[in-house]
Every structure is written in C-alpha cells, then in structure tokens.
Amino acid sequence: MVHWDEDARKDLLIGQSDGKLNLFLNIGTDASPTFDGGTFLQVGPAGSKVDMDVTSRATPTMPDWNNDGNKDLIVGDLYGNIHVFLNEGTHDAPDFVSETYIQEDGANLAVPGIRASPVIYDLDWDGKKDLLTGNTTGELLFYSNVGTDAAPTFSGYVLLDADGVAIDLPGSYRSRPSVCDWTGDGLIDVLIGYGDGGSGGNGKVRLYQGVPLPGDFNGDGLVDDYDLDRFATCFTGEDGGPLPPACVLGDFDGDDDVDCADWDAFVLVWTEPEGPTMPPEVVCGGPIPTVSEYGLILMGLVVLGFGAAVLRRRGTAG
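The following paragraphs examine the structure supplied in this document.

Calculation rules
Residues numbered from 1 in each chain as written. Predicted model: local features only at pLDDT ≥ 70, side-chain atom pairs only at ≥ 80, totals over all residues. Heavy atoms only, no water. Disulfide = S-S within 2.5 Å. Helix = DSSP H or I, 4+ residues; strand = E, 2+ residues; numbered from the N terminus. Phe/Tyr/Trp six-rings, centres within 6.5 Å; stacked < 30°, edge-to-face > 60°. Buried < 20%, exposed > 50% of the residue type's maximum accessible area, 1.4 Å probe, protein only. Lys NZ or Arg CZ within 6 Å of the ring centre and 35° of its normal. Pairing = 2+ DSSP bridges.

Below, the discussion takes up the state of the cysteines. All chains considered together, the criterion is met by 1 disulfide. Disulfide partner of Cys-234: Cys-247, at an S-S distance of 2.1 Å. The disulfide joining Cys-234 to Cys-247 has a torsion of about -80° about its S-S bond and is therefore left-handed. With Cys-234 in helix H1 (residues 225–234) and Cys-247 in the loop between H1 and helix H2 (260–268), the pair connects residues that are 13 residues apart, well separated along the chain.

Now for the packing of aromatic side chains. With the rule as written, the count across this model stands at 9 aromatic pairs. Judged by centre distance (5.7 Å) and plane angle (50°), the rings of Phe-231 and Trp-263 are tilted. Linking Phe-231 in helix H1 with Trp-263 in helix H2, this pair joins segments that are 32 residues apart in sequence. Take Phe-231: its relative accessible area is 0%, and that puts it in the buried class. Judged by centre distance (5.8 Å) and plane angle (20°), the ring pair of Trp-263 and Phe-266 falls under stacked. Taken together, the residues Trp-263 and Phe-266, both in helix H2 and 3 residues apart, mark about one turn of the helix. Here Trp-263 matches Phe-266 in class, with each residue buried. For Lys-20, the ring lying beneath its charged end belongs to Phe-40, and the centroid distance is 5.0 Å.

In spatial order, the strands read S12-S13-S14-S15; together these 4 strands make up an open sheet with antiparallel pairing. Edge positions in the open sheet fall to strand S12 (117–121) and strand S15 (158–159), since each of these has one partner strand only. The pairing of strand S13 (residues 130–134) with strand S14 (residues 140–143) spans 4 bridges and is classified as antiparallel. Along S14, the bridge assignment pairs Gly-134 with Leu-140.

Coordinates in, geometry out; function isn't part of it.
Here is the structure:
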C-alpha cells in the first residue's frame, strides 16, 4: 500500500513475478478503496521511457532513499539484487529516469540465498536508514548502514534472531518481512510472510515481537537521560520490593528490586560515551560500594547525611 499521488487515498503497488511493477490507483475512498485497471511503472528520460523490469520476482518498497523529500523506489529481485530508482520528479508526481543498485563494499549488494525482499528502516537507532531483507531460505538478514542517511551503503550483514536463535524458517520458505508496531506497545515488531513455493504453498505470517533492552524504558534503542530519570524513580534500595511492572526494565539481576547492583549494570549499557550526565540520588541499605568491588566502572561517590547513606554515582566504562 502506498500513497502514490498524495490524494489522501491509499493506492496499491504490486511487484510481479515477471519483474514488472504494476500501480493501481485508488478511485474509491481511503476507507473503501476501489482500484483502476493498473499501469506499469516506467523508467528512462522523457520520450524514451520503458517499463521497469528487474528480471523476476519484483519486491518493491518506497522510502525517501536520498533524503530529498521525494519518495523513491527500492526493488528486490529473484537473484538477490536490490534496484534503486531515484525519483527525479516530485513527491506527488514521481518520475524515474535511471536505475542503480544498493552498494556493499563498493559493489552491487547481492543477498545470500537470493530472492531479496527489502525493508528500509533505521533498525539500530543511529539516525541512518538500514536494510532488512528475507531470502529463499527463510532467513532475516540485517545490513547496518555504514554510509550516511542520505547516501546509504553497507558492509556485511547479521542474521536476526528470536530468543537467541537465528530466524531460519525450515525448508525454502522465501521469507518476506515487514516492519511496524503491530502490538501497539511502542516497540518495533517484524511480520514475516512466507511460503514453500510448492503446489500447496504455505501462506502463513509469523509475528516476531520487539522486546525492550534492559534499561531502555522508552524502547527507543538508547539508554539515555530519559531512561536515567525513570531508573531514579524506580530505585528502591536494598530489598525494597515488590517491583512495579513499569520498573522491570531497571531490574538487571532479576531479584525483583532496583538497587545498587542494577545501577552499576545500568551505567555499563549507557549509550553516551561520557556516561550519565545527571546521576540519580539513590539510597543504599548496605555499605557504600568501593571502586574495587566494581572493577569495570569508575565511580565518584558523595555521601549526604539524612539518616541513611545517599549515594551519588557517576559511571563511565573503564
């Protein structure tokens, strides 16, 4: 589903098995779509355009690839190539003049296991669009962008896993991913459509739910000042339970309490290299830890007398 002509009605873009791309414009309403007979997308200079053809098994997606404000066209094919058609028209009236390919280490990227099915999304939260793709063997490959957000390029991939096991659907299941917040919890989920390619096919869709990292209270992929404030709110001291559900992400050691040991773990996953900029004031029920007890952390301690020791700590990776 795409908004091709920005008329506030969803349109339909289909990649065909013959490698062509068929656009069906919505002539109904946005809530009750009805489509025209379809038009093949074309590429080339004015007066000599031809139908787009990526050879076989076209899988399109439409991000703003070069950050010029216009939607572009990224298309996977049967052989693992990913084609780039930059929009040289406008956002409302796309015009494609030339064809290139996504690059990996200075050459055209070729997805192992063939049948590229690209999704463009900043999956590692570094401000640059990344590449996620399925393949014929049912895997889910993540390519981190080593270029810039406006000029993405890639160097290798990792296989995404679920519960510590690499996603690899049995047989030749032709994984086709989609990324969205399916569960509405503010975290990114992955849907994978797949089929075995046989006479009966398979036709199922698997949901892989995103889970937050420890210490990442707002699920943005970073442990930062926002999470520091939440951690300070959750800190209860030694044996201070029961732990409210909203504080579970601060309980690194799983003892149903957010305490000094969790603070040390929180510092270690802190995203910014200078460490927490506003360390929380936390009440520790036992003796104040020394640096030797926490060899991976360099800590500054200030004790304030209010009946119990109030420990103020600033940590950086050592």
